[in-house]
Each structure stands twice: as C-alpha cells, then as structure tokens.
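Structural features, examined
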Amino acid sequence: MLAEKYNTLITILQEMESVVVAFSGGVDSTFLLRAAVEALGPERVLAVTADSETYPTSELEEAVALAEQIGVAHQVIETSELAIPGYTENNQNRCYFCKSSLFDHLLPILEDQGFQNIIYGVIADDMNEYRPGMRAAKERGIRGPLQEANLFKAEIRELSKKFGLPTWDKPSFACLSSRIAYGEVITQEKLTKVERAEAYIKSLQIRQVRVRTHGEMARIEVEPGDMAAILQHHDSLVEKLQSYGYQYVTLDLLGYKSGSMNKALAQYSKGR
C-alpha cells in the first residue's frame, strides 16, 4: 500500500516535468524535495527557502545543509511577513496572508527560470485541520503532490527513514507566529522572545516544544514524558524566560498539541 502511494507520488511529479519546491527543511518538504529529485532529476528541480522574521536561523541552516545533502540547487530569498498587510493583526487568516506572499515570491522565480510548477508540502493530515494557506495555494495553482498521493505524516516519516533522510524523526515545526494567541499583534519582539525561549528549552534535551504566548504569559507545551525535565529545571527555566520578557511561565498539562491555538478560533471570532 505504501509502495503504491509512493509510486503515485513519483508519477504525479514526473507529469509536472519540472518544479520549484517551497522548501522549509521540515519533514514534509524535505521528503517532497527528495522525491522530486528522484522523479525528475536534480536539473529540473529547484528548492527555494524563504528567510523571514518567523523562520528561526537554526531552521535555515538545516535547510541549506539538507538541500546540499539531497544534491539539488537551492535558493534562499528574503521575505518579511511583518510587512504583509493584514498579517500582524494575527486574525484567523494569518496563514492565508503568509502563504499568499510566499507563493507570490515564488511565481516570478518559476517564470524567470523556466520551471513548470510550484509545489509545497501539504499532506493528507492537513485536510482535516484548519489550513487557510491551502486556499492561497489553490488560488494560484500551486500543487501539493504529497496530499494528492494521499500520504500521511506517519507514512512520510516511514519512507523518509527508509531513504536515509535525517528528518524522518524531526519534531514538527510551524512558524514562530503560530505561538502567539490570535488577536494579539505580532511584533519582532514577540517572535524573538519565542525563538529564544524555545531554543533554551531545546538545550535541555527536549526536542518537541512550543512556547505559546498569551500576553505576558508563556504556556509551555512539551510531550508528557518531558514534563519531569521541565520541572527539574524549574528555577533556571523561569529565570531565563523572564529575562526574555515573559512575566508568567506556565506548563500546559495537556502536553504538546499541533495547532493548539486553533482551539480558541471560535471564541476569538465571536469576540470580533
């Protein structure tokens, strides 16, 4: 079954003839990039990474190394989410504004360099989640081959491991803005605060972490098995996060949950 899905993915990519891959260096886009190179050859694939305020430096460095490992041309472009009209207001369409800007930066690259399609790492799991960025892709004809092949995250991890990709067990990642509660204005100061806080917690050998920001409060999400480590470093953790600008530091006993901020969307929408 999984082999059939992968063969379907390769066929989809071959039919595209040549592609620009929106490449973040995450689990999905790395697997997609590797599959595109297999299907089309490196000369017909270009990886493009957008470096912006919401993208940690560590992720950019990893993306550069991964593209080199896969053996494909890689272009890093400078973008600014904070300059996008409507983005910093941080409403339920934030991801739509972000993806619209990203794809609008990629379209001229497509045209100038003679590629046929732009693809990105949307997957089958995303179809059951709130993903306004998919609307931006659909409006511009941007395709998601992983989703088209009905590949789920667990399957992508399994295939990534089989192909020797170091991202096979990489923790899920989303842009830093996803840590800030809907309705709170996004600023460079807040993004920097989140990035520093998460980097410090990762230095404690905790791989999967989100520091959700609610005003002056940090709500830390980690896997249940890592909660003891958070409590063990209680004093230093509080001191560090308060030095970064948080007034209150909390641990969410529900644990890490991708997209947990979306739970508040209905309440946020009612209050507008």
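Look above for the structure.
Summarised in this report is the structure supplied together with it. Just so you know, the residues in each chain are numbered from 1, in the order the chain's sequence is written. Restriction of local features to residues with pLDDT of at least 70 applies here, the model being predicted, together with a cutoff of 80 or more for giving and counting side-chain atom pairs; totals for whole chains, interfaces and linings are based on all residues. Values shown for side chains rest on all heavy atoms present in the structure; no hydrogens or waters enter the calculation.

**What about the overall build of the protein?**
Heads up, the condition is: Helix and strand assignments follow DSSP, with helices taken as H or I runs no shorter than four residues and strands as E runs no shorter than two, numbered in order from the N terminus. The quantity called the radius of gyration is restricted to C-alpha atoms. Its globule counterpart is 2.2 Å times the number of residues to the power 0.38. In this scheme, a residue with accessible area under 20% of its type's maximum is buried, one over 50% is exposed, and one in between is partly exposed, where area comes from a 1.4 Å probe on protein chains only. We call two residues in contact when some of their heavy atoms are within 4.5 Å. All tallies of charge rest on Lys and Arg as positive and Asp and Glu as negative; His and the ends of each chain are not included. In plain terms, the charge of a residue is placed at NZ if it is Lys, CZ if Arg, CG if Asp and CD if Glu.
A tally of helices and strands in the protein yields eleven helices and seven strands. Against the compact-globule benchmark of 19 Å for 272 residues, the protein has a radius of gyration of 19 Å, which places it among compact chains. The C-alpha extent of the protein, read off along each of the three principal axes, is 55 × 40 × 30 Å. Looking at the protein residue by residue over its 272 residues, the buried ones come to 50%. Counted over contacts in the protein with a minimum sequence separation of 6, partners at least 24 positions apart contribute 74%. Taking the average place of the 29 positive charges on the side chains of the protein and the average place of its 37 negative ones, the gap between the two points comes to 5 Å.

**Here's the deal with the pattern of salt bridges**
Spelled out, the test is: Any carboxyl oxygen of Asp or Glu within 4 Å of a side-chain nitrogen of Lys or Arg constitutes a salt bridge here.
Across all of its chains, the model carries 16 salt bridges by this definition. Measuring nitrogen to oxygen at the nearest pair gives 2.4 Å for the salt bridge that ties Glu38 to Arg34. Taken together, the positions of Glu38 and Arg34, both in helix 2 (residues 27–40) and four residues apart, correspond to about one turn of that helix. Notably, a salt bridge pairs Lys190 with Glu184, separated by 3.8 Å at the nearest N-O pair. Classification of Glu184 as buried rests on a relative accessible area of 18%. Salt bridges sharing common partners tie together Asp104, Arg135, Glu139 and Arg140.

**Some thoughts on the sheet that holds strand 5 (residues 209–214)**
We apply this condition: Pairing between two strands is assigned when DSSP locates at least 2 bridges connecting them. Helix axes use the C-alpha atoms of the stretch in contact, all axes being lines fitted to C-alpha atoms, and the angles between their N-to-C directions lie in the range 0 to 180 degrees.
The sheet built from three strands is open, its strands ordered 5-6-7 with mixed pairing. Every other strand in the sheet has two partners, leaving strand 5 and strand 7 (248–251) as the edge strands with one partner each. In this sheet, adjacent strand axes meet at a mean angle of 25 degrees when their direction is disregarded. The pairing of strand 6 (residues 217–222) with strand 7 spans four bridges and is parallel. The residue bridging Ile220 from the neighbouring strand is Leu251, located in strand 7. This element, helix 8 (residues 188–202), spans strand 5 and strand 6 of the sheet and lies at about 145 degrees to strand 5.

**Remarks on the packing of aromatic side chains**
What counts, and what does not: Centre distance within 6.5 Å is the pairing criterion for rings of Phe, Tyr and Trp, where only the six-membered ring of Trp is used; planes under 30 degrees apart are then read as stacked, over 60 as edge-to-face, and the remainder as tilted. Our definition puts a charge over a ring when NZ of Lys or CZ of Arg is within 6 Å of the ring centre and also within 35 degrees of the ring normal.
Under the definition given, this model contains five aromatic pairs. Aromatic pair Phe31 and Phe163: ring centres 6.4 Å apart, planes at 10 degrees, arrangement stacked. Taken together, the residues span a long stretch of sequence, with Phe31 in helix 2 and Phe163 in the loop between helix 7 (153–162) and helix 8 at a distance of 132 residues. When its relative accessible area of 0% is taken as the criterion, Phe31 is described as buried. By relative accessible area, Phe163 is classed as partly exposed at 23%. Judged by centre distance (6.0 Å) and plane angle (65 degrees), the rings of Tyr96 and Phe97 are edge-to-face. Given a relative accessible area of 15%, Tyr96 falls into the buried group. By relative accessible area, which is 22% here, Phe97 ends up partly exposed. Aromatic ring contacts, followed pair by pair, group Tyr6, Phe31 and Phe163 into a single cluster. A cation sits over an aromatic face here: Arg34 above Phe163, 3.9 Å from the ring centre.

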